[in-house]
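Each chain is listed here by its residues.
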Amino acid sequence: MEEIDELGIFWLAGHEEDSLTGRLRFDPEKGASVSLVGIFDHGAGAETGETTRINGWIGSKRVTLERCFLRKSNRGSTGLQRCEYHVNQIFLGHHLVEGDLWFQTATAEWGDLDAWVGQKRSIEPSVLEGPGAKFQFTYDPPEDQEARFSRGRIILGTAWSREVEQIKGITFSHWPRLRITYDERQGFDKIRKDVGRVQSLLSLCMDAHAIQDRLTLQRPDVRARLLSGEDAGCEEEIELLVPWLRYTKPADRKARHPHQMVLTFEGLGGIESVARWLDVSERFQEPLDSLMSVQRAEKIFAENRFLNVTFASEAFHRIMYGGTQMDQEDFDSLYRTIVASVPEQHRPWVKDKFQYANEMTLRKRMRQLAAKSGAATRLITGNIDQWAFAVSQVRNGLTHLGPVPRRFQGRDLRALSDSVYAVTRACMLIECGVRQEDLAKWAASYSASWLVESVKTAIHRVREGRPDELGGGD
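Residues numbered from 1 in each chain as written. Predicted model: local features only at pLDDT ≥ 70, side-chain atom pairs only at ≥ 80, totals over all residues. Heavy atoms only, no water.

### A short note on the packing of helix H6 (residues 302–321) against helix H12 (residues 410–431)
The condition is simple: Fitting a line to C-alpha atoms yields each axis, with helices limited to the stretch in contact; the angle taken between N-to-C directions then spans 0 to 180 degrees. Only DSSP runs of H or I reaching four residues or more are called helices, and only runs of E reaching two or more are called strands; each is numbered from the N terminus. In this scheme, roughly parallel covers angles under 35 degrees and roughly antiparallel covers those over 145, while 65 to 115 is roughly perpendicular and the rest are oblique. Take the far helix as the reference: if the near one is turned anticlockwise from it by less than a right angle, the crossing is left-handed, and if turned clockwise, right-handed. The contact criterion used is simple: two residues touch if any of their non-hydrogen atoms lie within 4.5 Å. Polar here means any residue other than Ala, Val, Leu, Ile, Met, Phe, Trp, Tyr, Cys and Pro, which are nonpolar, and Asp, Glu, Lys and Arg, which are charged; Gly is therefore polar.
Relative orientation of the contacting elements H6 and H12 amounts to 25 degrees, with a least axis distance of 9 Å. It follows that H6 is roughly parallel to H12 by the angle criterion. Between H6 and H12 the crossing geometry is left-handed. On H12, the residues that touch Ala302, Glu303, Arg305, Phe306, Val309, Thr310, Ser313, Phe316, Met320 and Tyr321 of H6 are Gly410, Leu413, Arg414, Leu416, Ser417, Asp418, Val420, Tyr421, Thr424, Cys427, Met428 and Glu431. Grouping the amino acids of the contact of H6 with H12 by side-chain chemistry returns 12 nonpolar, five polar and five charged.

### So, unusual backbone geometry
We apply this condition: Partly exposed describes any residue whose relative accessible area lies between the buried limit of under 20% and the exposed limit of over 50%, with all areas from a 1.4 Å probe on protein chains only and scaled to the type maximum.
Positive phi, close to 70 degrees, is recorded for Asp112, a residue that is not glycine. When you line up the elements, Asp112 lands in the loop between strand S8 (102–110) and helix H1 (113–117). Residue Asp112 is classed as partly exposed on the basis of its relative accessible area of 24%. Of note in this structure, Asp207 is not a glycine but carries a positive phi near 60 degrees. As for its placement among the helices and strands, Asp207 is situated in the loop between helix H2 (188–206) and strand S13 (212–218). The class of Asp207 is partly exposed, set by a relative accessible area of 24%.

### Quick notes on empty space enclosed by the protein
Heads up, the condition is: Here the term cavity refers to a set of points on a 1 Å grid, laid over the protein atoms alone, in which a 1.4 Å probe fits but cannot get out; the term pocket refers to an open set having protein on both sides within 12 Å along at least five of seven lines, with lining residues being those that place an atom within 4 Å of a point. Grid points are joined across faces, edges and corners, and a volume is the space filled by probe spheres set on the points.
By the definition in use, this model includes three cavities of 30 Å³ or more. The calculated volume of the largest cavity comes to roughly 60 Å³. Val262, Ala376, Thr377, Ile380, Ala422, Arg425, Ala426, Leu439 and Trp442 together form the lining of the largest cavity. At three residues, the largest contribution of residues to the lining of the largest cavity is made by H12. Among the residues forming the lining of the largest cavity, the class breakdown is seven nonpolar, one polar and one charged.

Shown next as structure tokens:
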């Protein structure tokens, strides 16, 4: 993802006659802002907190600055007025107008996607020898793979680029990318969620945060234009630029290799499984987002990591499998009997206390999830009953503080939260059609060996009830 620091001309959407010159800055780690010379006649003040849309040009590129708010404005000693807007999203390549935030194609690139799909990013230099030397270069790209989901198609394709140096020759590179093509127009928020769930799938499979490097959007009515103004015969690529959580520049990344991953693209089941994931995971979008919060955060306290992951696991079980303590009809009958037997003035209190009394306990939910993941996590959890007990005890200790709160070591919280993460991940992937046996290979690998022993130690300490020191940051 490229940084931007360019001069341009900008105006509030719908008020092109009121344009100002300014400077647009974007950094994928720090965010975006636009500094303007002057102030818009139709703009709201900083005190209102209102967001607005700004259109403009930087060089020969159209640009839309979305969800901007005025951060500051001032008049210098020379009388020159200036203002600065914070920018939440940049759409590079198109001027959006009111009600225009829809697209029909989204193409995304992620770091380590080449290693995941087994298509090594290739860079091939060709060197010219002697004055006037000529050569011919032929590129045969891998064939696209595609599969349907309920609202369209997802395609694994290839992007490529070349750099020509008149003296040295040509450097050619290619890399994989995923493209979602919808049957009908989709709102931007819907597309962001779909792309986000694919990113979450990559993170689950890679066992690491998948960093998104590029996202472009297209729609049939926005056409690419030649310098002459003629239609180029294809849709314009509109690049979305936003500051990503936990973004690391490519040069600073440590490459992840297939043997370090839980599942490769082939192990997952190919493009058909990615398409199936888009449909299946929509049902548990919120628990998935909570689970991914521990991957996307640069730093998080061990207590918060554990609570986030446990909440995601419990919510996933509730959505996918339900679960009650007793038959619902029997409970409803018992509930009515209890309410009718108490004085009327106490009934509101009884109703409040018994409203969720039939909900399955966390311990039972954890036990069922561990049983469902079976061979995929058996080495990690060990005895399911003891593991579920330890998880529920720690969650209760952290959320229901008594006169003398239980204290847990940071390394135990980390081990137990990683075990809950592994169990929940396995169950989510199993819903996508992955076999337990394929997931079990990672649990038995060297990468997971430290977790097996750490979880065993943590369970023992929690069951013993030792007053260990409180965990710190992680």
